[in-house]
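Inside the fold
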Amino acid sequence: MGVTSPAQSPLVAAGIATAKARALTVLGSSAKKAPESPAKSVTSKDAATDLSEQLNDELRQKYVKGKKLGEGTYAIVYKGHLRDSPSTLVAIKKIKVNVDYKDGLAMDAIREVKFLQELSHPNIIALHSVYSSKNQNLNLVLEFLPLGDLEGMIKDTSVQYSNADIKAWMGMIGRAVWWCHENFVLHRDIKPNNLLIAGDGEVKLADFGLARSFQEPYLNMTHVVITRWYRPPELFFGARHYSGAVDVWSVGCVFAELALRTPYMAGETDIHQVEIISQAIGTPTEDNWPGVSKLPGYVPIAKDKQVPLRPKRDFEPIFRSIGPVALDLLLATLRLDPRKRISAKGFLQHEWWQMDPRPTKKENLPRKGGGEEALGNDLKRMGGELEDGRADKVARKIDFGKMKP
Amino acid sequence: MTEDEIYRTSTQYRLWSFTPEKLASLRNSTNALAAERVKAAIKKSRESGQAQPAASADSSGFSTPLGENGQANGSAHGDKDAEVETLTVDEERMLVEYYCSQAKTIGEAKEFSFPIHVIATAVQFMKRFYLSNSPMTYHPRVIMMTSLYFATKTEPHYMGLDKYVRNLQSGLGKKKKVTNEDILAPEFILTQGIRFTFDVKHPFHALRGVHMEMQAMVEGQAALLPGEGRTAKEVQEAMQALPPKDGAMLQDSAAALRKRLDDAYGQAKLTLGSAGILTDAYFLYTPSQIMFASLLLADEALTSFYLSTKFPSATSASTIFPKVMATIRLCAEMLQSFEQLGRDELIRIDKKIYKCQNPEKVDLVSLNRAQKRDETVDGKLDESVAKRRKLEREKSMREGEDIFGPQLEKNGAGG
């Protein structure tokens, strides 16, 4: 009952097909034009599908799924290509149905689809299309990015890169984050292995599984986001109202990591991370960050244990390689008080961009192999998660109970 | 890049904005398609002699005019030979609009108290869904409950399914039972129907922004555009000299002007939350056009004054400004002409849809289960699944042989 197809007369089928073809034209479907002689070209299967099913089928037919690039608990990533153009490669991310999640389509998938559908920018991974396959699995057709990620670049000791290369990468990252913020989107998980590298050398921000829109000013947001090493102090203190400044801190951490070729502030626990930030930048106090003591998770530090805000000269020996103006910009991204932190727009307008060296052209940036596998690994991962052996597995469980106003 | 250009990259603009003609044509096609399919499905179910479970068309609870009327007399598709009378495009639209207003009523009820943007998103999901689906295929009552739930996930204003269902149940009362599966079963159909675009842009932020900007104007602190000949002080004075609204007293004091602003803001906000989301405005206009239209209805003089400060140069004032105003006026007319569907009309349509529900899509919970069990909706087993099952069958037959020993010989020793 209910699941069998109506036996339709050809005439009925033809009427349906004509109506459907008209509707599909309005919806901008590529394939369907009103058939010249509908009765001949229509199958009963065609007439029995919904409009949206048919649009979906058309999308699915556009791509061919190839070999598996990676599999995680959240998704399987395949290499794929356009059916009509086998040389046009794509990555197909098939979202797994989470059996433990009883609330329907998972939040990660919803967030990722929601934001990537809207954000179109050269430095943000492109979502070409979304379709469902059998068993209601969601498939995201993403841009194919074969050259690995920035983490691989940083860790690969055989790769040499210069200040001009760092500048090129930071420009791309800055533009990606600026575009998100310009569209009122917080990424909330910026880190080197979410920064993927395209065939032409362009860096692309990926994994929007933790992203969200800027909140209404009076509503709360969760503070359990961003992988620990890249997470700003206000989130450790439980801030429920925050801004693009959280992403900018992460950008600063990536900047420092590119310069040092090792994570700049790698805490083993949340408490340890706050200690490391205090040691590196200074202890957050009412003096350097008015209002910080009112944040719910703030723990006062005894006067004699406080590290005063470090002056620029303390950083110079560590970051000598990038030069003093780049260091100014770096420090502007790592200000404790989020209100004093530079904005993504300010980041792009900094005087460093006017100075030598000029950023390396993307086609001349250093490259490394092994990218396909890295792409599979990067895309299958859930937000807030580091690879095994790199500590941490945070931020996944967002406490929705606390999110209500 | 201008804000207009950014807006044009959105899915709301690319996929969900139409000319009035295209919108009408889409609805006509969807209706024609669904009507043919309903007739075919009902004919088939009559021929097979199966009694079809009727759609529960009531909605009860949350103070709705529908309720006891849902269950019409006798079996839904009982009359063997009568031609099925299907819904017209207008009836479909009115029914969807009614259930959109129900989504608002439920979302605003004390059980939920959702912020307006959650409700508005749910309503747009429904409206978008019914551009390519018919209420005859999927009853809007069912899609409404799922849309509202799905909007809590996309906005995000997440409360968890258990709690959502509990709250919904407490609002609906004991008469109507809702389960978690009732909400989840149509979720996939909904997401596919809205083409996996989950972002909806609303006019509420914009209204708040304009309100704040006008407050600054009243205080003589407006940040004016380059090319504006007047100073902030002069803008303040011009604002105070505006003709009063509807024969009210001239607002000689700043306090009176402030009140005028707040009144306009409050009224516009109400319009946005009702006619703004329930009409076709989102399909035909941009969020800012809808916002200005609602403000224009609240206080025309104030709104055109504010807008005039946005076109400081003589050329833009004479060319673009009139165009903008004309569009806003068209949108305002649409918002103003909105009226809730009358009770009698609603009951008539509700009775009608009870008789023309596609019997194959009534039990979405079973359909969803079937689909998750690897079966496609039209009943044909997917090839790979069929193959797998065949292999399983063969395997179990082989194993069966092992367990029970070899097959008996045809004329072997019986007894």
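Just so it is clear, the model here is predicted, and its values are computed rather than measured. (Residues numbered from 1 in each chain as written. Chains lettered and ligands numbered in written order. Predicted model: local features only at pLDDT ≥ 70, side-chain atom pairs only at ≥ 80, totals over all residues. Heavy atoms only, no water.)

Scanning chain B from terminus to terminus reveals 19 helices and zero strands. The buried share of chain B, reckoned over its 415 residues, is 52%. Sequence separation of at least 24 residues holds for 76% of the intrachain contacts in chain B that already meet a minimum separation of 6. (Helix = DSSP H or I, 4+ residues; strand = E, 2+ residues; numbered from the N terminus. Buried < 20%, exposed > 50% of the residue type's maximum accessible area, 1.4 Å probe, protein only. Contact = heavy atoms within 4.5 Å.)

Turning next to the sheet that holds strand 5 (residues 137-143) of chain A. Residue and element names in this part refer to chain A. The five strands are arranged 1-2-3-5-4 in an open sheet whose pairing can be described as antiparallel. Looking at strand neighbours, the two that pair on one side only are strand 1 (63-71) and strand 4 (127-133), the edges of this open sheet. Each strand axis lies, on average, 30° off the axis of its neighbour in the sheet, ignoring direction. The pairing of strand 4 with strand 5 spans six bridges and is classified as antiparallel. Along strand 5, the bridge assignment pairs Leu 127 with Leu 142. Along the sheet face, helix 4 (residues 51-62) touches strand 1, strand 2 (75-82) and strand 4 and points at about 115° away from the line of strand 4. Set on the sheet, helix 5 (residues 107-118) makes contact with strand 3 (85-95), strand 4 and strand 5; between it and strand 4 the angle comes to about 140°. (Pairing = 2+ DSSP bridges. Axes fitted to C-alpha atoms, helices over the stretch in contact; angles between N-to-C directions.)

All names here are of chain A. Looking at the assigned domains, one finds that chain A contains domain 1 (10-28 + 60-143) and domain 2 (150-402). Summarising the inter-unit geometry, the C-alpha centres of domain 1 and domain 2 are found 31 Å apart. Of the residues lining the interface, 28 residues belong to domain 1; the matching set on domain 2 comes to 31 residues. Summed over both partners, the interface of domain 1 with domain 2 comes to about 2400 Å²; 60% of that surface belongs to carbon and sulfur atoms. The three residues of domain 1 that bury the most area against domain 2 are Arg 111, Phe 115 and Asn 123, which together make up 26% of that side's buried surface. Where domain 1 touches domain 2, the interface holds one salt bridge. For Lys 204, the salt bridge identified is with Glu 143, shortest N-O distance 2.7 Å. Viewed at the interface, domain 2 and domain 1 are joined by nine residue pairs in polar contact (both at pLDDT 80 or more). The element best represented in the side of domain 1 that touches domain 2 is helix 5, accounting for seven residues. In the side of domain 1 that touches domain 2, the residues fall into 13 nonpolar, six polar and nine charged. (Domains from an automatic or database assignment. Buried area = accessible area lost by both parts, 1.4 Å probe. Salt bridge = Lys/Arg side-chain N within 4 Å of Asp/Glu carboxyl O. Polar contact = N/O pair within 3.5 Å; in protein donor to acceptor, adjacent residues only side chain to side chain. Nonpolar A, V, L, I, M, F, W, Y, C, P; charged D, E, K, R; others polar.)

Under the counting rule described, the total for this entry stands at 22 aromatic pairs over all chains. Each ring, one from B:Phe129 and one from B:Tyr130, has its centre 5.0 Å from the other, and the planes form 90°; the classification is edge-to-face. The class for B:Phe129 is buried, based on a relative accessible area of 0%. Within the aromatic cluster, the residues linked to one another by ring pairs are A:Phe255, A:Phe347, A:Trp352 and A:Trp353. (Phe/Tyr/Trp six-rings, centres within 6.5 Å; stacked < 30°, edge-to-face > 60°.)

Turning to the UniProt feature "binding site: ATP" (unreviewed entry) in chain A, a few remarks are in order. Residue and element names in this part refer to chain A. According to UniProt, the positions carrying the feature "binding site: ATP" (unreviewed entry) are Lys 94. Tracing the backbone through its elements, the reader meets Lys 94 in strand 3. When residues no more than four places from it in sequence are discounted, the contact partners of Lys 94 are Lys 65, Tyr 74, Ala 75, Ile 76, Tyr 78, Asn 137, Leu 138 and Asn 139. (UniProt positions renumbered as here; feature names shortened; annotations may be inferred.)

When two helices pack together, their arrangement is captured by the angle between the axes and the distance separating the axes. Between helix 5 of chain A and helix 6 (residues 140-154) of chain B, whose axes approach to 10 Å, the crossing angle comes to 75°. Viewed along their axes, helix 5 of chain A and helix 6 of chain B adopt a mutual orientation that is roughly perpendicular. For the pair helix 5 of chain A and helix 6 of chain B, the contacting residues are A:Met107, A:Ile110 and A:Lys114 in the first and B:Phe150, B:Lys153 and B:Thr154 in the second. Looking at the contact of helix 5 of chain A with helix 6 of chain B residue by residue, the classes come out as three nonpolar, one polar and two charged. (Parallel < 35°, antiparallel > 145°, perpendicular 65-115°, else oblique.)

Turning our eyes to something else, we now look at the packing of helix 15 (residues 300-308) of chain B against helix 16 (residues 314-336) of chain B. All names here are of chain B. Here helix 15 crosses helix 16 at 145°, and the two axes come no closer than 11 Å. Of the two elements, helix 15 crosses helix 16, and the hand of that crossing is right-handed. Counting all contacts with helix 15, which are made through Glu 300, Ser 304, Leu 307 and Ser 308, the residues of helix 16 involved are Phe 321, Met 325, Ile 328 and Arg 329. Class assignment for the residues of the contact of helix 15 with helix 16 results in four nonpolar, two polar and two charged. (Left-handed = near helix turned anticlockwise from the far one by under 90°.)

This paragraph deals with the pattern of salt bridges. All names here are of chain B. Enumeration over the complete set of coordinates arrives at 37 salt bridges over all chains. Its salt-bridge partner being Arg 260, residue Asp 299 comes within 2.6 Å of it at the nearest N-O pair. You can see Asp 299 sitting in the loop between helix 14 (287-298) and helix 15 and its partner Arg 260 sitting in helix 12 (residues 254-278), a full 39 residues away along the chain. Both residues of the pair, Asp 299 and Arg 260, count as buried. Among the charged side chains, a salt-bridge network with shared partners connects Glu 85, Glu 91, Glu 345, Arg 348 and Lys 352.

This part takes up the side chain of B:Thr121. Residues and elements named next belong to chain B. Position of Thr 121 among the secondary structure elements: in helix 5 (residues 116-132). The buried category is assigned to Thr 121, whose relative accessible area is 0%. Within polar-contact distance, the side chain of Thr 121 engages the side chain of His 202 at 2.8 Å. If we ignore the near neighbours within four places in the chain, the residues touching Thr 121 are Ala 151, Thr 154, Glu 155, Val 200 and His 202.

Residues and elements named next belong to chain B. If you check helix 14, its first and last C-alpha atoms are 17 Å apart, about what twelve residues at 1.5 Å a residue would give, namely 16 Å. With nine of its twelve residues buried, helix 14 lies for the most part within the structure. Listing the buried residues of helix 14 in full gives Pro 287, Ile 290, Met 291, Phe 292, Ala 293, Ser 294, Leu 295, Leu 296 and Ala 298. (Expected span 1.5 Å × (residues − 1).)

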